[in-house]
Amino acid sequence: MQEALKVILEIQELDMKMLRLMRVKKERQKELNHLRAIIDDFKRQVSEKDEAVFEIKKSIRIMETQVAEGALRIERLEAKQNAVKKVEEFNALSHEITSAERERTNFEQQLSDLTDQLSQEEDSLKQLNESLASTENNSRALEEEIKESIRLINEEGQILFKERESEKVKAPEEMLRIYERLLHNKKDRVLVPIENRTCGGCHIVLTAQHENLVRKGERLVFCEHCSRMHYWQESEVADGTSAAPKRRRRRTTTTS
Ligand SMILES: [Zn+2]
């Protein structure tokens with residue numbers, strides 16, 4: 001029983017390392033995704049701006065045609081006016097020319113507004129492209145660094161996995177199955193020692209009867225509060241539970 005628990009403890013340490021590793025990997029992947037999202041957002045803005053510039057250029061071409069046609073119409077009306085002899089016809093044509101001129105002025109104003117708009121949008125497109133280029137440039141190095149660190153994490157994970165595989169064969173199947181189910185639920189240490197008659201996992205005080213069962217080590221004993229498995233630390237057996245607090249105090253002073 002004690003030997004089996006020791007194997008599970010070994011496996012647990014490997015699992016803790018693996019959990020930490022996967023947490024780091026997840027963080028790094030998040031950073032990578034964030035970096036890519038920033039660049040994608042820039043690209044989207046550039047493409048929207050490109051589209052806007054294209055639309056304005058199209059409107060400008062239409063407006064230029066309108067202005068040219070307006071000028072032609074005025075020319076034709078003026079030629080016609082030169083040919084008429086009756087006052088009524090002359091006046092009617094004068095009206096038409098005035099309204100054609102008003103229309104042309106209106107088109108010219110619109111064309112001028114569009115030209116201003118185009119130059120603004122082209123400036124902003126240029127700025128966006130510059131920002132995109134510099135962001136891509138800056139993030140390239142960071143992206144490489146993150147990819148490399150993920151590669152190293154994977155390597156370390158492979159080593160941990162192999163170590164675990166070789167430990168696994170030494171563990172009793174049923175105990176391993178229980179341990180793995182608990183680990184899956186808690187994502188934390190699930191085989192914990194009893195310290196000062198409290199659970200090493202949830203730190204709730206246990207009964208003397210419970211402690212004795214664990215000390216005997218005849219079967220698996222679970223914490224009634226957090227369901228973790230308990231084991232008895234050999235050192236506590238040797239020192240006796242009453243000596244434990246003193247020893248722990250010493251330990252804290254040396255580590256601090
Ligand atoms: Zn507990």
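Procedures and definitions
Residues numbered from 1 in each chain as written. Predicted model: local features only at pLDDT ≥ 70, side-chain atom pairs only at ≥ 80, totals over all residues. Heavy atoms only, no water. pLDDT = per-residue confidence, 0-100. Helix = DSSP H or I, 4+ residues; strand = E, 2+ residues; numbered from the N terminus. Contact = heavy atoms within 4.5 Å. Core = buried A, V, L, I, M, F, W, Y, C linked by side-chain atoms within 4.5 Å. Buried < 20%, exposed > 50% of the residue type's maximum accessible area, 1.4 Å probe, protein only. Domains from an automatic or database assignment. 1 Å grid on protein atoms, 1.4 Å probe; cavity = no way out; pocket = protein on both sides within 12 Å on 5 of 7 lines; lining within 4 Å. Points joined across faces, edges and corners; volume = space filled by probe spheres on them. Nonpolar A, V, L, I, M, F, W, Y, C, P; charged D, E, K, R; others polar. Donors = N, O, S within 2.8 Å, 3.2 Å for Na, K, Ca; no water. Tetrahedral: all angles 85-135°; square planar, octahedral: opposite > 155°, others 65-115°. Pairing = 2+ DSSP bridges. Axes fitted to C-alpha atoms, helices over the stretch in contact; angles between N-to-C directions.

Moving on, we get to the confidence of the model for the protein chain. Looking at the protein chain, the pLDDT average stands at 91 and 91% of residues meet or exceed 70. Mean pLDDT values for the elements of the protein chain range from 41 in helix 6 (residues 244-255) up to 97 in strand 4 (residues 229-231). Throughout residues 236-256 the model reports pLDDT below 50, and contacts reaching past four residues in sequence, or to other chains, amount to 16 contacts.

With that settled, the discussion passes to the nonpolar core. Within soluble globular proteins, side chains that are nonpolar tend to cluster in buried spots. Residues Ile8, Tyr179 and Met229 are the most contacted members of the largest nonpolar core, which totals 18 residues. Among the secondary structure elements, those contributing two or more residues to this core are helix 1 (2-83), helix 3 (173-186) and strand 4. No fewer than three residues from each of domain 1 (2-168) and domain 2 (190-255) sit in this core. Setting aside residues no more than four positions away along its own chain, Tyr179 makes contact with Ile8, Ile11, Gln12, Asp15, Arg164, Val190 and Met229. Ile56, Met63, Val67 and Leu114 belong to the second largest nonpolar core, which has 15 residues in total.

Once that is clear, we can look at empty space enclosed by the protein. What the rule picks out here adds up to one cavity of 30 Å³ or more. Lining the largest cavity are Met1, Leu5, Val214, Gly217, Arg219, Leu220, Val221, His230 and Tyr231. Of the residues contributing to the lining of the largest cavity, the split by class is six nonpolar, two polar and one charged.

Ideal coordination angles are 109.5 degrees for a metal with four donors arranged tetrahedrally and 90 or 180 degrees for a metal with six donors arranged octahedrally. Only Cys199 (SG), Cys202 (SG), Cys223 (SG) and Cys226 (SG) from the protein reach the zinc ion as donors, at distances of 2.2 to 2.3 Å. Every donor counted, the four donor atoms about the zinc ion form angles of 105 to 114 degrees at the centre, which fits tetrahedral coordination. Written as a sequence motif, the donor arrangement for the zinc ion is C-x2-C-x20-C-x2-C. Grouping residues by exposure puts Cys223 and Cys226 together as buried.

Right, let's get into the sheet that holds strand 2 (residues 198-199). Across a sheet, paired strands are connected by hydrogen bonds in the backbone, their directions being either parallel or antiparallel. Judged by pairing direction, the sheet is mixed, and its four strands sit side by side in the order 2-1-4-3 without closing on themselves. The sheet terminates laterally at strand 2 and strand 3 (221-222), the two strands that pair on one side only. Sheet analysis places strand 1 (residues 191-195) next to strand 2, joined by two bridges and oriented antiparallel. Its bridge partner being in strand 2, Glu195 is matched across the sheet by Thr198. The strands that helix 1 touches are strand 1 and strand 4; relative to strand 1, the one it contacts most, it runs at about 110 degrees.

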